[in-house]
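What follows is each chain in one-letter form.
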Amino acid sequence: MDSHRLAAGRPLILGGVEVPGEFGLEGHSDSDVLAHAITDAILGAAALGDIGMHFPDSDPRWKAATAWCFCAMPRTWREALGYRIVNVDSTVILERPKLKGLPASHAGETGGDPGLEPDRVSVKFKTAEQVGPVGEGRSGESQAIVTMLKLGTGPWHEAAGWTS
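Residues numbered from 1 in each chain as written. Predicted model: local features only at pLDDT ≥ 70, side-chain atom pairs only at ≥ 80, totals over all residues. Heavy atoms only, no water.

### Some words on the pairing of strand S1 (residues 2-8)
Here's step 1: Note: S1 against strand S7 (residues 139-150), four bridges, orientation antiparallel. When the bridges of S7 are listed, Arg5 appears paired with Ser139.
Here's step 2: One ladder, built from four bridges, connects S1 with strand S4 (residues 23-26); its direction is antiparallel. Bridging from a neighbouring strand, Arg5 pairs with Glu26 of S4. (Pairing = 2+ DSSP bridges. Helix = DSSP H or I, 4+ residues; strand = E, 2+ residues; numbered from the N terminus.)

### Comments concerning the side chain of Ser139
Here's step 1: Here Ser139 is to be found in strand S7.
Here's step 2: In terms of polar contacts, Ser139 uses its side chain to reach the backbone amide nitrogen of Val134, at 3.5 Å.
Here's step 3: With residues near it in sequence (within four places) discarded, Ser139 still touches His4, Arg5, Leu6, Leu94, Pro133 and Val134. (Polar contact = N/O pair within 3.5 Å; in protein donor to acceptor, adjacent residues only side chain to side chain. Contact = heavy atoms within 4.5 Å.)

### A short note on the packing of aromatic side chains
Here's step 1: Within this structure, the stated rule accounts for zero aromatic pairs.
Here's step 2: Positioned over the ring face of Tyr83 is Lys150, at 4.9 Å from the centre of the ring. (Phe/Tyr/Trp six-rings, centres within 6.5 Å; stacked < 30°, edge-to-face > 60°. Lys NZ or Arg CZ within 6 Å of the ring centre and 35° of its normal.)

Shown next, in the form of structure tokens:
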């Protein structure tokens, strides 16, 4: 899960793609709530901590960094541990702009993982029905769940054609 305040004059970046609008999400990096939530879910599924632990907003190296750069290191770490992503399920929650018509492929580059097929990534868009900070138009958030398989284990391994 990731959330950021809305701010005028900032680009709205979701899944590494700029969405046209008059405001964006404010933060230390590009404030891409979708990519941040997916990165956090990948780290959590591999028991590698969270995004703030590895990429703290107090570190100037991450100032204005694009969110998918945060995926490169976790991808290397999880691969070293023998994990493969099975699927990504994510939801972006913003009151406005309405993202309902935005194709999911526009807002997510296969979960930041070039080896992950697009049909294994779900990106949904919701509003908060005018409830809480998101519903009041003060912030935006995203939630993600990542399912992973440890290579060389379990009955799916050979059936899926995955090798260690």
